[in-house]
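Each chain, written out:
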Amino acid sequence: MLYGYARISKPTQNIERQTRNIKAFESNAIIYAEAYTGTKQDRPQWQKLLKRLKDGDTVIFDSVSRMSRNAEEGFKQYQELYNAGINLIFLKERHIDTETYKNAISQQLQTVGNEIADEYIKATNKVLMILAKKQIQLAFEQSEKEVKDLQARTAEGIKTAKINGKQIGRKKGSVVTTQKSIKAKKVIARHSLDFGGSLNDKEVMQMIGSISRNTYYKYKRELKG
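As the structure is a prediction and not an experimental result, all values here were calculated from the model.

Remarks on the overall build of the protein chain
Part 1 of the reasoning: Within the protein chain one finds 8 helices and 4 strands.
Part 2 of the reasoning: Along the protein chain, from the amino end to the carboxyl end, the secondary structure elements read β-α-β-α-β-α-β-α-α-α-α-α.
Part 3 of the reasoning: For the protein chain, with 225 residues in total, the buried portion stands at 32%.
Part 4 of the reasoning: Sequence-distant contacts, at least 24 apart, represent 60% of the contacts inside the protein chain between residues at least 6 apart.
Part 5 of the reasoning: Accessible surface computed for the protein chain: about 14800 Å², of which carbon and sulfur atoms make up 50%.

So this is what it looks like as structure tokens:
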């Protein structure tokens, strides 16, 4: 079976880039995706995928950093899946693919006799896992560097914009209009006692449905304004 795993660290981020890259590489891949942070231990979609994996299956990641929250955890997961016969593909770091190491063993076995094949495989596996661990560490370091560089560029861009007198973000007191706010305000304007209706605030909020008290009173202030 062919699977893909995509993960974002914040629910507000967009996961489509990862899934798009995986599908472009293998259109038949079954995608498991979720939002996950380093402080949250459980990854339900990842755990669900792990239970399904069998010897010979393949899992595709956009990057090795999507497999785990850090290099140590990533290598442990990598080693366990490698030993279970699972093929791992990392689109951003193809040199870490499990197939790379399996091919290295296969090619070398052709030069040794059957008498030492088992011992050779054990020794080679040990060396290859050391190399894999180092490569995974480097991949995570590079990923962290890219995030820090992006944050630095963003901060510099904001600083430059402020120096040039540009407005950053929404102006204080500005009103953001959404479909949800439009519908809610219509109900408030029609039924609230403050606007000539017959319902108190609690009753209006119940009529609107899913709305917080802060949001409700914010909408009332905006209507009055």
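Read on, since the account is not over.
A look at the sheet that holds strand β3 (residues 58-61)
Part 1 of the reasoning: Read across the open sheet, the 4 strands follow the order β2-β1-β3-β4; overall the sheet is parallel. Only two strands of the sheet have a single neighbouring strand rather than two, namely β2 (30-35) and β4 (87-90). Averaged over all adjacent pairs, the angle separating strand axes in this sheet is 20°, with direction ignored.

Quick look at the side chain of arginine 7
Part 1 of the reasoning: Mapped onto the fold, arginine 7 is located in strand β1 (residues 2-8).
Part 2 of the reasoning: Buried charge arginine 7 goes without a salt bridge, the closest partner of opposite sign being glutamate 34 at 6.9 Å.
Part 3 of the reasoning: A polar atom in the side chain of arginine 7 sits 2.5 Å from the backbone oxygen of serine 65.

Re helix α8 (residues 213-224)
The α-helix advances 3.6 residues per turn, and as a result positions three or four apart in sequence lie on the same side.
Part 1 of the reasoning: The first and last C-alpha atoms of α8 sit 17 Å apart over 12 residues, in line with the 16 Å expected at 1.5 Å per residue.
Part 2 of the reasoning: If you check which residues of α8 are buried, you get Tyr216, Tyr219 and Lys220. Down the axis of α8, the buried side of the element spans an arc of 100°, and every buried residue falls inside it. Exposed side chains of α8 directed beyond 90 degrees from the buried face belong to Asn214 and Arg221.
Part 3 of the reasoning: For α8, the elements touching its buried residues are α6 (179-191) and α7 (201-208).

What counts, and where the lines are drawn
Residues numbered from 1 in each chain as written. Predicted model: local features only at pLDDT ≥ 70, side-chain atom pairs only at ≥ 80, totals over all residues. Heavy atoms only, no water. Helix = DSSP H or I, 4+ residues; strand = E, 2+ residues; numbered from the N terminus. Buried < 20%, exposed > 50% of the residue type's maximum accessible area, 1.4 Å probe, protein only. Contact = heavy atoms within 4.5 Å. Areas by Shrake-Rupley, 256 points an atom, 1.4 Å probe, with all protein chains shown as cover. Pairing = 2+ DSSP bridges. Axes fitted to C-alpha atoms, helices over the stretch in contact; angles between N-to-C directions. Lys, Arg positive; Asp, Glu negative; His and termini not counted. Salt bridge = Lys/Arg side-chain N within 4 Å of Asp/Glu carboxyl O. Polar contact = N/O pair within 3.5 Å; in protein donor to acceptor, adjacent residues only side chain to side chain. Expected span 1.5 Å × (residues − 1). Arc of directions from axis to C-beta.

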